[in-house]
Structure formats: C-alpha cells, structure tokens
Amino acid sequence: MWSLLLAMSAAALAFTAWLWWRPAPTVPVYYRRTINDVELNWKCDAGHSFVARGQVADRPCAMCDQPAFVITPFECPKHGVTEVAARFTYGADGAPRLSQYRVYQGDWFPAMDSVPCPHCSFPMVRKQTDLPDAVTRGKKKSG
Ligand SMILES: [Zn+2]
Ligand SMILES: [Zn+2]
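Residues numbered from 1 in each chain as written. Chains lettered and ligands numbered in written order. Predicted model: local features only at pLDDT ≥ 70, side-chain atom pairs only at ≥ 80, totals over all residues.

Participant: Teacher, can you tell me more about the overall build of the chain here?
Facilitator: Scanning the chain from N- to C-terminus turns up 1 helix and 9 strands. From first element to last, N terminus to C terminus, the chain shows the α and β order α-β-β-β-β-β-β-β-β-β. Residues counted as buried form 17% of the 143 residues belonging to the chain. For the chain, the proportion of contacts with a sequence separation of at least 24, taken over those separated by at least 6, is 40%. (Helix = DSSP H or I, 4+ residues; strand = E, 2+ residues; numbered from the N terminus. Buried ≥ 20, exposed ≤ 12 C-beta atoms within 10 Å, placed from the backbone. Contact = placed C-beta atoms within 7 Å.)

Participant: Hey, could you run me through the nonpolar core in this one?
Facilitator: Proteins that are soluble and globular tend to have nonpolar side chains buried together. Counting 18 residues, the largest nonpolar core has F69, V70, V84, A85 and A86 as the members making the most contacts within it. For this core, the secondary-structure elements that each account for two or more residues are β1 (39-44), β4 (67-76), β5 (80-90) and β6 (96-103). Here the element with the most residues in this core is β4; it accounts for 5 residues. Apart from residues no more than four positions distant in its own chain, A86 is found in contact with F69, V70, T72, L98, Y101 and A111. (Core = buried A, V, L, I, M, F, W, Y, C linked by C-beta atoms within 7 Å.)

Participant: Would you mind showing me how to read the confidence of the model for the chain here?
Facilitator: The share of residues in the chain with pLDDT of 70 or more is 77%, and the mean pLDDT across the chain is 81. Mean pLDDT in the chain bottoms out at helix α1 (residues 2-21), which sits at 75, and peaks at strand β2 (residues 49-53), which reaches 94. Scored below 50 in pLDDT, residues 133-143 shows 8 contacts in the model against residues more than four places distant or in partner chains. (pLDDT = per-residue confidence, 0-100.)

Written as structure tokens, this is what we have:
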C-alpha cells in the first residue's frame with residue numbers, strides 16, 4: 001500500500017523533474033535556399049561564361065579550368081550595367097553569403113550594397129537580385 005503510493009509520488013516527482021529539466025524544444029531547421037541551390041552566372045578570367053550552381057569556393061571554368069567567379073550585374077544611371085564578380089564565404093550560421101566583389105579583374109573588396117562605377121565612381125545598384133538573399137526562382141531539380 002505505502003510502497004504503491006511511494007512509487008506513484010516518485011513517478012510524479014520524476015515527471016515534474018522531467019518537465020522542469022527537459023531541454024528547450026529543438027527548433028526544426030527549415031530549409032533555407034542558398035547559393036548552392038540556384039544556378040548562377042559564372043565567368044572566368046579568360047571571359048568564358050557559363051551557368052552553374054553557386055558555391056563558396058571558386059569554381060574552375062568549365063572550358064579552360066581557370067578560376068571562375070559568380071557574375072552579378074550592377075547598374076550606374078550614367079554608364080549602364082557593369083558585370084561585377086562576386087565571392088562567397090560561410091557566415092556564422094553556416095550559410096553562404098556574399099563576401100567580396102571585384103570589378104574588371106581589379107582588386108577584390110568587401111561586398112557592400114553598392115559598388116562604385118568604374119567610370120564615375122557613382123555607387124551602382126545591383127541590377128538583378130539573383131543572389132541568395134532574394135531568390136524567387138523555383139528550385140531546379142537534378143539528379
Ligand atoms: Zn574559361
Ligand atoms: Zn558611372
């Protein structure tokens with residue numbers, strides 16, 4: 001009789017302890033679209049353009065094996081569109097993000113919202129947001 005009561009209260013205590021001590025519910029990691037999931041325009045230093053999935057590492061050109069970089073167009077209101085090469089790095093959360101830009105095979109510089117126009121230094125605006133922070137295209141499925 002007593003032992004049953006004891007067992008029940010012990011169970012209740014254990015349950016309370018479990019409620020109290022259980023770890024915070026793990027937030028499911030929702031699938032986040034990154035550069036690895038979209039096809040981007042790449043261009044190598046020799047000028048070959050091709051389309052391939054984004055990746056953090058430089059991708060060798062599909063034609064000449066030189067390093068190729070993701071190309072994203074920026075627009076100056078005066079001088080039109082300039083192709084800007086982009087590089088990525090892994091952020092603190094492990095997701096790839098833009099890290100560097102380069103204009104006309106010049107020096108790499110930290111990626112910002114705007115890039116100075118090579119002709120007039122006016123801050124150019126990214127023309128087409130096909131990079132992962134604003135991807136709207138559907139995910140392509142491939143084996
Ligand atoms: Zn090439
Ligand atoms: Zn300009």
